[in-house]
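Letter by letter, the chains look like this.
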Protein chains: 4
Amino acid sequence: MMDVGVYRLPMAGPDDVSELEALIDRGEIDPKDICAIIAQTEGDGYARGYSALAFQLMLSEKLGITREEVWDRIPMLMIGLTGGLMSPHYTVFTRREVDGPAPGEKRLAIGIKDTRVLLPEEYGTMAQVREVARAVKEAMEDAGITSVEDVHCVEVKCPGLTAKRIADAESRGKRVVSNNLAEANSKAKGASALGVALALGEVKEEDLSDAAICNDWGLYSNVASTSAGTEQVACRIVLLGNSDKSVSKYKIGSGVMKDTLDITGAKAAFKSVGIDVGDTICDEDRKRIAAVFINAGADATGYIRGRRTTMKSDFLSGYAGIFAKAVINAIVGALIGDTMILASAGYEHQGPLGANLVAAIAKVE
Amino acid sequence: MMDVGVYRLPMAGPDDVSELEALIDRGEIDPKDICAIIAQTEGDGYARGYSALAFQLMLSEKLGITREEVWDRIPMLMIGLTGGLMSPHYTVFTRREVDGPAPGEKRLAIGIKDTRVLLPEEYGTMAQVREVARAVKEAMEDAGITSVEDVHCVEVKCPGLTAKRIADAESRGKRVVSNNLAEANSKAKGASALGVALALGEVKEEDLSDAAICNDWGLYSNVASTSAGTEQVACRIVLLGNSDKSVSKYKIGSGVMKDTLDITGAKAAFKSVGIDVGDTICDEDRKRIAAVFINAGADATGYIRGRRTTMKSDFLSGYAGIFAKAVINAIVGALIGDTMILASAGYEHQGPLGANLVAAIAKVE
Amino acid sequence: MMDVGVYRLPMAGPDDVSELEALIDRGEIDPKDICAIIAQTEGDGYARGYSALAFQLMLSEKLGITREEVWDRIPMLMIGLTGGLMSPHYTVFTRREVDGPAPGEKRLAIGIKDTRVLLPEEYGTMAQVREVARAVKEAMEDAGITSVEDVHCVEVKCPGLTAKRIADAESRGKRVVSNNLAEANSKAKGASALGVALALGEVKEEDLSDAAICNDWGLYSNVASTSAGTEQVACRIVLLGNSDKSVSKYKIGSGVMKDTLDITGAKAAFKSVGIDVGDTICDEDRKRIAAVFINAGADATGYIRGRRTTMKSDFLSGYAGIFAKAVINAIVGALIGDTMILASAGYEHQGPLGANLVAAIAKVE
Amino acid sequence: MMDVGVYRLPMAGPDDVSELEALIDRGEIDPKDICAIIAQTEGDGYARGYSALAFQLMLSEKLGITREEVWDRIPMLMIGLTGGLMSPHYTVFTRREVDGPAPGEKRLAIGIKDTRVLLPEEYGTMAQVREVARAVKEAMEDAGITSVEDVHCVEVKCPGLTAKRIADAESRGKRVVSNNLAEANSKAKGASALGVALALGEVKEEDLSDAAICNDWGLYSNVASTSAGTEQVACRIVLLGNSDKSVSKYKIGSGVMKDTLDITGAKAAFKSVGIDVGDTICDEDRKRIAAVFINAGADATGYIRGRRTTMKSDFLSGYAGIFAKAVINAIVGALIGDTMILASAGYEHQGPLGANLVAAIAKVE
């Protein structure tokens, strides 16, 4: 049987890994059990790398391996740029094999998988869709999950395009999907999300094509959250769901907010793990919440329920993604009385346009 | 008897006054009845002046008076800087004397009053507190309100300090409260809020002093929202409450969110006008909501319920007020399913530190 | 003979037109002579409209005509967004017919011309190129300029695309150059610049095509500065050069800075009007400078002479145009000891990529 | 005799230390000789720590010592936040003892010194002034400089105040200069600059007092550049000048630009190291320039030579320091044809208000 631990810890700055270090030093976490870290880092884009470096340094000392070995072993998803009431923090997942009886209900399971190294010309294409789909299926297997309904959150970090990678493709007579890096990365994220959707049966393979990527918004996954990073060469998959092979004290659920004001959708996510957020949440239930991951979509348009916003037009419109995350963090945070919840921004086939995907992990009662 | 009308209208840009113009042209609003305009304008600080100029121009044509006469006659409170899901709009209040029987319950009433012209050295002092207190009492009388419990929202626009006004004070051998304009204006807003608190019996006169302004945060009003503008020479008061002299189709209520996540406080505001926002609001109730005015306080600190935020420390911290407004707009907007609600930022004695004040105007059932 | 006056006046804010008003009131400017206003306005994009409205209001009073008539009569080019040492100001051009002998050398002349109303589907196409080219030739004629070498600055304000205009084109079965407004406007500015280049013989008609617009950067004008505004329906041309039909006290010259550090190019512009900016400029020469208009290009790339900049990559990269203007303003301002010089940003066929175009107007010795 | 090397190297990102690593790996730099690193880092404030960590990591490997030992041994001054044409880079100083004849003229020398650990209540007070003054004198001695005229640049990194440090002071019954961190740090930087001025005889001790710090702007150093960092507990001094004990291939000079447009002052700095920047600089001279350090002052006011700027008032005014650095970088960069020059912002007693201090290091002809 698999036991999965969840530790949500605050950061005092992008390089602050002291809370995890303390848990390791006190023997509460065995660093060999750490299988993934998902962080909400403050600061600008560079702070993500800073944070990752701080984790690698500390863990290389604790594990007695090199920083590169830490990097290969533990996927670290750093979600940068905070605003509003967002609170910098990270969630550490541990996993280990244990003996013992199945708890009688499905519990939190985690699967980790990398695709093969992708070529720059494959980014944002059906080749990426298929590789991600295959890796997601393998990650399900790794997690001991047999039914797609039990998958509630798939985080994908895929390689980002760079000038160097364009040159590499061209040197081999190949073309990348776009020389515009922003557009190319958008398609790479979209292809990753469609890969998740394909693996989980949310879309049919015959509806997919290179042309459909970042074009046919009717195709999407309701549990994918994808981002691109130039430090990656392959897609790294962290898949979360419930499995009858797990004895974890936690379980996970999810819900779709069809737009940013759809609190009914958010409440459904919590309901699915036994937490009632009707009028107000009770203290006991709030304490059971171990982690919340939201994929925000408010920056997909400049409208919300027929009202015009200034998200895409005002002098801060370059930071629309930060505002999208800040408002969904505030709304869901207000429902559960805690804003230490993770929000990432990304609209490419991650739910219908303008939707927000909510995954909630809670301690079993 | 007094009849008070409420018209909440969208803007396509800071200078877009076309919706009001259309209502006037169609005869639905008699421009002579317009007694106040409160707007949530997009753009930067200058857009407030742009918007005010656009209203003055249009109304001077409709009323056949000069722009200066429009300015003297109709208080226009322009709340600038939007973010997130905030939707630029304005609320027009009309008022006229009518015959007819009292409706049997108190209804929406509005009172307008200016203080005398204040001297620059009086800004941010007890002199301002007392003048505002007097004007608030007169505005209550103007509104036909006899009990302070019936006052739910007092908007105050007070004069802002300028280099020229400092020089004027000094030429008369006087000193202003601070040569730092930001600090001086903060005190002016604080003095205005304490003036409201004094008039409404929320603080005792003996607890007030120059030293207490922007210092003793235990003193505050739960219904004041104040801002400063260099175009003002006196304080303009727009007071909203319920009166048995009103036959308006609307009534107003208010509530205090003790912090930004306190949705119970927000719900109380709506409850007080007969709107139940328990689990979810029903369509009928949503349609009854005519206007919502919130004074936001999330930027008072870098913490929320023990969680650290990056509001005061990150690279966008210069825009903390915008984020404070965006998050409260999102939270209350999600509760009622509509983000065309007004949010202003201001912590100086406007509720306890970090609180949000919510006033809701609804059509009577 | 034509007499052309040049008045460079400071602004205390976007709506401050008091300096011009004072000159009119003192009889130094006859408002009927005003033929164009070019302003460097502070604030965000909306401040441009605010400023234009303030000019229209004041001039409608002085001229006894409606605001719409002012708008039709006097082209107002509002260049928004300032940074660094840029100083908000505007330049008023006056023009009137006078008798009297030619001064023996060519002097400052100004020509004003609008194209016909353009259809949305024509924006950014050869149709626009040709209409602008025709209007530029007419503006030359209007200015009494017969040789293209005598044209030193052509400011073009062309119509910007809007959602409404796209819909209009589609309702007639037509397609606009791009549904992406930023891309469409970039092409509209490029087409305008190529129109200038065509009229002045800087490019050959056979090298031009729809495909070349914003694509073949080897084609450009060295005297064009173009911008797009949604308030326009036709292209407005303000052309400045020297003519033997002018008795103005001013003349104009221009130069190309091949990159932002090319101060030799800037000095050539001043040299061409008899001002020596070698090691340092002398006070007398500085005082002769009446106006400087620069089209900035530093934001075309993230490099300068082999050095990497963070113009396109850092957390303020959304404001790259402001930084491009701020640095060229600082460099040329330092050369002449005055930063009240106008900088606009625009790389589309306005000089070679990364170049800065400098036009200088000086009083004749 | 002392030999001092200067290596100015580009960075591809805050963590890019590859150019230095390559020089070490190729044997061109012996890491044991590295005595100081001064970097211009891109990104936000956190990127400074990221960059420092990257240097410490690499150098701990090359030197075979711990990261803490690197930190103690090599002062690293990270100047963060770039804009305009500023190009991220770092300058590495090496120093070693060599035999050999004196070159017959004074050459570049470097002195490094830390003050004792300062108590939080000493920050921004005369205690700090005196400790810095003492350390500057010791750094002069360390550099083999006997005359204050030979000192051209003193970089000081002093401890910044934190909430924790305020609490520490209070726990001992002491008060810090201000509980407002920004104000306290401003005074700490001012005290550091006055410490330099005192050591170099630029101010008299009897004119100094706690009250004069950040108040009497007539007191200043023309060669000090100071910054505060919460990672410091003592003040670190890097002093650069010319010494007859040095056989370096470089020498250093300096100049004061009395305001940001004073290019004569900038040229004087280059002239003092034998580089003529009259009309234009020649290629040979440009290549001799090894490093330029500027302390920018344009953000001290909202005016430049009687012209109003929007530096302190516009919607980007929170980034005034970045604009101040961008414009001085552009102006001096244009003079020498290279913008890979370091600009820091700081007005507190670092030259007269609004001045810019320029230090230039050049290879001896």
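Along each chain, numbering runs from 1 in the same order as the chain's sequence is written. To read the labels, note that chains go from A and ligands from 1, taken in the order they are written. Local features in a predicted model are, by the rule used here, given only for residues with pLDDT of at least 70; side-chain atom pairs are given and counted only at 80 or more, and totals for whole chains, interfaces and linings are based on all residues. Just so you know, side-chain values use all the structure's heavy atoms and leave hydrogens and water out.

## Observations regarding the interface of chain A and chain B
Item 1. Only heavy atoms enter the contact rule, under which two residues are in contact if any of them lie within 4.5 Å. Taken together, the contacts link 50 residues of chain A with 50 residues of chain B.
Item 2. Both sides of the chain A and chain B interface together cover about 3800 Å² of buried area, and 62% of this is carbon and sulfur.
Item 3. When residues of chain A are sorted by the area they lose upon contact with chain B, Leu85(A), Arg307(A) and Arg308(A) head the list and together hold 17% of the total.
Item 4. By convention in these notes, a salt bridge is any Lys or Arg side-chain nitrogen within 4 Å of a carboxyl oxygen on Asp or Glu. Our count for the contact surface shared by chain A and chain B stands at six salt bridges.
Item 5. Residues adjacent in sequence count toward polar contacts only when both atoms are side-chain atoms; beyond that, a polar contact is any pair of N or O atoms within 3.5 Å, and within protein one must be able to donate a hydrogen and the other to accept it. Applying the counting rule to chain A against chain B returns 18 residue pairs in polar contact (both at pLDDT 80 or more).
Item 6. Strands are runs of DSSP state E lasting at least two residues, helices are runs of H or I lasting at least four, and both sets are numbered from the N terminus onward. Of all the elements in the fold, those that place two or more residues in the side of chain A that touches chain B are helix 7 (263–271), strand 12 (307–308) and helix 9 (320–336) of chain A.
Item 7. Here the side of chain A that touches chain B takes eight residues from helix 9 of chain A, the largest share from any one element.
Item 8. Across the side of chain A that touches chain B, the residue classes tally to 23 nonpolar, 16 polar and 11 charged. Throughout, buried area stands for the accessible area (probe radius 1.4 Å) lost by two parts on being put together, summed over both. Polar here means any residue outside two lists: the nonpolar Ala, Val, Leu, Ile, Met, Phe, Trp, Tyr, Cys and Pro, and the charged Asp, Glu, Lys and Arg; Gly therefore counts as polar.

## A word on the interface of chain D and chain B
Item 1. Of the residues lining the interface, six residues belong to chain D; the matching set on chain B comes to six residues.
Item 2. Overall, the association of chain D and chain B removes approximately 530 Å² of surface from exposure, summing both partners, and the carbon and sulfur fraction of that is 38%.
Item 3. A per-residue breakdown of the area chain D buries against chain B is headed by Tyr46(D), Phe315(D) and Tyr319(D), which together make up 65% of the total.
Item 4. Counting the contacts that link chain D with chain B gives zero salt bridges.
Item 5. Put simply, chain D and chain B have two residue pairs in polar contact (both at pLDDT 80 or more) between them.
Item 6. In terms of residue class, the side of chain D that touches chain B is made up of four nonpolar, no polar and two charged.

## Describing the relation of the copies chain A and chain B
Item 1. With an RMSD of 0.0 Å, the fit of chain A onto chain B corresponds to turning through 180° and sliding 0.0 Å along the axis. Viewed as a symmetry operation, the transformation between the two copies matches a two-fold axis.
Item 2. Interface overlap between copies is the fraction of interface residues in one copy that are interface residues in the other; for chain A against chain B it reaches 100%, indicating a shared surface. The copies were overlaid by least squares, fitting only the C-alpha atoms of residues that reach a pLDDT of 70 or more in each copy.

## Looking at unusual backbone geometry
Item 1. Although it is not a glycine, Arg305(A) sits at a positive phi angle of roughly 50°.
Item 2. Considering the arrangement of structural elements, one finds Arg305(A) in the loop between strand 11 (303–304) and strand 12.

## Some words on the sheet that holds strand 7 (residues 224–229) of chain C
All names here are of chain C.
Item 1. Following DSSP output, two strands are said to pair if at least two bridges run between them. Spatial ordering of the open sheet is given by 5-8-6-7, a layout of four strands whose pairing is mixed. A strand with exactly one partner marks an edge of an open sheet, and here the two such strands are strand 5 (107–114) and strand 7. On average, adjacent strands in this sheet sit at an angle of 15° to one another, irrespective of strand direction.
Item 2. In this structure, strand 5 lies alongside strand 8 (residues 236–243), joined through eight bridges in antiparallel fashion. Each residue of the ladder has a partner; that of isoleucine 110, found in strand 8, is leucine 240.
Item 3. Axes here refer to lines fitted to C-alpha atoms; in helices the fit is confined to the stretch in contact. Angles between the N-to-C directions go from 0 to 180 degrees. Across the face of the sheet, helix 4 (residues 126–143) comes into contact with strand 5, strand 6 (151–159) and strand 8 while running at roughly 140° to strand 5.
Item 4. Of the strands in this sheet, strand 6 and strand 7 are in contact with helix 6 (residues 181–199), which crosses strand 7 at around 145°.

## Re the relation of the copies chain D and chain B
Item 1. Between chain D and chain B, which share one sequence, the superposing operator has a rotation angle of 180° and an axial displacement of 0.0 Å; the RMSD is 0.0 Å.
Item 2. Same-surface contact between copies: 100% of interface residues of chain D are shared with the interface of chain B.

## Notes on the confidence of the model for chain A
Item 1. Looking at chain A, the pLDDT average stands at 96 and 100% of residues meet or exceed 70.
Item 2. Here the predicted complex scores 0.96 on pTM and 0.96 on ipTM. Note on scores: pLDDT gives the predictor's confidence for each residue, bounded by 0 and 100.

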